[in-house]
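Coordinates in review
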There are 2 protein chains.
Amino acid sequence: MKKMQKMLVITFCIACVLGMTAFPGWAKEVPPQKPLTTAEVLAEARTEDWRTLDPQNTIYLELNGGRVVIEMAPLFAPRHVANVKALAREKYFDGLAIIRVQDNYVVQWGDPHAEDPAKARKIVNGKPTLPGEFDRPCGDDVPFTPLGDGDVYAPEVGFADGFPAARDKASGRMWLAHCYGMVGAGRGDTADSGGGAEDYVVIGHAPRHLDRNCTLFGRVVQGMEHLSSLPRAGGPMGFIEKPGQFIPIRSIRVAADLLPAERTELEILRTDSETFRRLIEARRSRSEPWFLFHPGRVELCNVPVPVRKKEWGK
Amino acid sequence: MKKMQKMLVITFCIACVLGMTAFPGWAKEVPPQKPLTTAEVLAEARTEDWRTLDPQNTIYLELNGGRVVIEMAPLFAPRHVANVKALAREKYFDGLAIIRVQDNYVVQWGDPHAEDPAKARKIVNGKPTLPGEFDRPCGDDVPFTPLGDGDVYAPEVGFADGFPAARDKASGRMWLAHCYGMVGAGRGDTADSGGGAEDYVVIGHAPRHLDRNCTLFGRVVQGMEHLSSLPRAGGPMGFIEKPGQFIPIRSIRVAADLLPAERTELEILRTDSETFRRLIEARRSRSEPWFLFHPGRVELCNVPVPVRKKEWGK
């Protein structure tokens, strides 16, 4: 029954390819040292390689199925992050619903009556729309760890402050990438028609063609299964057509506004740490005996950023 | 509510880049003609651009939730395809179960008691294991439509006989790619330990590191939602640990063995057709007004192969 149980992340330490921005050649590289599994790499992580999820920068989407924990990305979408927090604090989302579940694409929530002024939920302190925050200048304030394995959609990809990201040195711009679990703001046809009142999460193969078309402002760090396993909606583009089938949102809360005992305390591996660099190497070519072919490369959205329960007192 | 409704496939006809095997440059290309939407491209398709799904090459996985239609790939995995058909015809799968649902990875089915000789379902006409069919020689018997947009995992990717595939002209080998919906044979640590009695379907971001590590023998052409929305299992690697939670398989049947009225009649767009080439172009940069940024590229697993109900008498 467990034939594929060994299909896990393993190390095959390859010479560091950090900083390679071109699509690399196809010659095989020789591992210079004994390969480690990702579990072994993580076991060797130092306490300071982990950072605590900041409760001021975390929201909880509470569904009947369970809690979805979302880390936000203020370095990339400061106005959207502030607005989603403002909306959460005025309880704007409470009682609204998941209105779209499109297979291999997105789950989306918002106000089912958003386009009916008579029925639409009123926004008090937040803003209904904002200018798009699709990209931002490259800057020293964002640590960027290049992946170096090439990418179809961007000149360079890597990890920025815990998030999968891309950059273009020629234009001096960087942006977040639509990998599995990334959270963005829905919008209409114009760049300034979103704002965070209607949001989506990627639940399928990375729709990277949405990069620089939408404001991504966070990623799910726990609870993806509460979104990805929802029944697929039958309407066009996965919108739910029967009101009785909307999936209710109990609430969206800023973690800092809950009592400590009610929070989900998590730690994220720092993506600018040596441990994370070794973890990427470990995913390029897995040394576990199950893997018979070793590609020696890994694609951006196939590198999950490790999350664990907070370890107290270490 | 329908803010993101226009997030659809659109054309932005770019000069043909078929045959480009290197990672292309980043200079913007200028569309030489009026862009078409994918719907417009498909509307212009000729009858001969579509092929009927061959019932001798199609299996139905029947779940309580509905039917999953799988087209098989005998050009890539002839022995596995023959064996799965043999197993289906001896009703080997009937009453077995989905035993694994791993988020962002795979759904897997087989015999929950496969490793207990006393309880394991007996295989009569099929074979319990086969040599792996991980890749095959490049050959004139397989039409290959190169994508030309680069790839992280292979020197060249494209479409072969309806399936996402990759090839390496240097070694003269080609293989199927682990995109969303692809169906493969689970195996143990050795290449010859699978065979089709235990199978998996990709339900998340393409795990392309499995390419050339497993035998892919088909893809789901209808009914993915019956697999992708299953509740995620809590055990290690997504294996279901409580027998009561196994998801029963009613049956797996070869379509040709059913009465015509019981079959799901589908047509697949030929991936070596001019229409499919234009469809790829349409996905590179979508001309619909919703899209504000146009990458000009598309990644292999972001190009679905169109499927439609069979049109009779046309």
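So, how was this worked out
Per chain, the residues get numbers from 1 upward, laid out in the order the sequence is written. All chains are assigned letters beginning at A, and all ligands numbers beginning at 1, according to the order in which they are written. In keeping with the predicted nature of the model, local features appear solely for residues at pLDDT of at least 70, side-chain atom pairs appear and are counted solely at 80 or more, and the whole-chain, interface and lining totals rest on all residues. Helical segments are the DSSP runs of H or I of at least four residues, strand segments are the runs of E of at least two, and each set is numbered from the N terminus. Counts of 20 or more other C-beta atoms within 10 Å of a residue's own C-beta define buried residues, counts of 12 or fewer define exposed ones, and intermediate counts define partly exposed ones; C-beta atoms are placed from the backbone. Contacts here follow a simple rule: the backbone-placed C-beta atoms of the two residues must lie within 7 Å. Fitting of the copies onto one another was done by least squares over C-alpha atoms, counting residues only where both copies have pLDDT of at least 70. A strand pair is defined by DSSP finding two or more bridges across the two strands. Per-residue confidence from the prediction method is given by pLDDT, with values spanning 0 to 100. To estimate how far a helix should extend, the number of its residues minus one is multiplied by 1.5 Å.

**With respect to the overall build of chain A**
Helix and strand counts for chain A come out as four helices and 16 strands. Across the 314 residues in chain A, those meeting the buried criterion constitute 49%. Contacts spanning at least 24 positions in sequence make up 73% of the contacts within chain A whose residues lie at least 6 apart.

**Focus on the interface of chain B and chain A**
Facing 58 residues of chain B, the contacting portion of chain A comprises 58 residues. Among the elements of the structure, β5 (106-110) and α3 (225-228) of chain B are those that each provide at least two residues to the side of chain B that touches chain A.

**Quick word on the relation of the copies chain B and chain A**
Of the transformation placing chain B onto chain A, the axial shift is 0.0 Å and the rotation is 180°, giving an RMSD of 0.0 Å. Accordingly, the operation relating the two chain copies is best matched by a two-fold axis.

**Focus: the sheet that holds strand β10 (residues 173-176) of chain A**
Residue and element names in this part refer to chain A. Pairing in this open sheet of five strands is antiparallel, and the strands run β6-β10-β9-β8-β7 from one edge to the other. Looking at which strands have only one partner, the edges of the open sheet turn out to be β6 (136-137) and β7 (144-146). With two bridges joining them, β6 and β10 adopt antiparallel strand pairing. In the sheet register, P137 faces β10, and the bridge partner there is R173.

**Topic: helix α4 (residues 274-284) of chain A**
Every α-helix winds through 3.6 residues per turn, so residues three or four apart in the chain are directed the same way. Buried within α4 of chain A are the following residues: F276, L279, I280, E281, A282, R283 and R284 of chain A. Where α4 of chain A is buried, its residues contact α1 (38-43), β7 and β15 (266-269) of chain A.

**Brief notes about the pairing of strand β11 (residues 182-185) of chain B**
Residue and element names in this part refer to chain B. Across the two faces of β11 the burial is the same, with M182 and G184 and V183 and A185 all buried. Bridge analysis of β11 against strand β13 (residues 215-222) gives four bridges, and the strand direction is antiparallel. Across the sheet, G184 pairs through a bridge with L216, a residue of β13. Here β11 runs beside strand β12 (residues 199-202); their pairing, made up of three bridges, is antiparallel. By the bridge assignment, A185 is partnered in β12 with D199.

**A few points about the pairing of strand β14 (residues 247-254) of chain A**
Residue and element names in this part refer to chain A. Where strand β2 (residues 58-63) lies against β14, five bridges are found, and the strand directions are antiparallel. Residue pairing for β14: L61 is matched across the bridge by I252. Two elements, strand β4 (residues 97-101) and β14, share two bridges in a ladder whose sense is antiparallel. Counterpart to I98 in the pairing with β14 is I247.

**Describing the environment of V142 of chain A**
Residue and element names in this part refer to chain A. Within the secondary structure layout, V142 lies in the loop between β6 and β7. For the pair formed by V142 and A282, sequence separation is 140 residues and the distance between their alpha carbons is 24 Å. Ignoring sequence-local partners within four residues, the contact set of V142 consists of L75, A160, D161 and M174.

**Thoughts on the confidence of the model for chain A**
Residue and element names in this part refer to chain A. Taken as a whole, chain A shows an average pLDDT of 90; of its residues, 88% reach a score of 70 or greater. Here residues 1-22 is a poorly scored stretch, pLDDT under 50, and it has 74 contacts once near neighbours within four places are set aside; other chains count. Per the prediction output, this complex has pTM 0.91; the corresponding ipTM is 0.90.

**Thoughts on the environment of A118 of chain B**
Residues and elements named next belong to chain B. Structurally, the position occupied by A118 is in the loop between β5 and β6 (136-137). You can call A118 exposed: it has 5 C-beta atoms within 10 Å. Spatially, the C-alpha atoms of A118 and L227 are 30 Å apart, while their sequence positions differ by 109 residues.

**Some thoughts on unusual backbone geometry**
A positive phi is found at R212 of chain A, a non-glycine position, where the angle reads about 65°. When you line up the elements, R212 of chain A lands in the loop between β12 (199-202) and β13 (215-222). Of note in the backbone geometry, D161 of chain B takes a positive phi value of approximately 55° without being a glycine. Here D161 of chain B is to be found in the loop between β8 (156-160) and β9 (163-168).

**Here's the deal with the sheet that holds β8 of chain B**
All names here are of chain B. Strand order in this open sheet of five strands is β6-β10-β9-β8-β7, and the pairing throughout is antiparallel. The sheet is open, and its two borders are formed by β6 and β7 (144-146), each paired with just one other strand. Taken together, the three bridges between β7 and β8 define a ladder with antiparallel strand orientation. Among the inter-strand pairings, P146 is bridged to a residue of β8, identified as G158.

**Let's talk about helix α2 (residues 78-89) of chain B**
All names here are of chain B. For α2, which comprises twelve residues, the first-to-last C-alpha distance of 17 Å matches the rise-based estimate of 16 Å (1.5 Å per residue) to within 8%. Buried residues of α2: H80, V81, N83, V84, K85, L87 and A88, and no others. Elements in contact with the buried residues of α2: β2 (58-63), β3 (66-72), β11, β13 and β14 (247-254). Looking one or two residues beyond α2, the residue adopting positive phi is K91, at roughly 60°.

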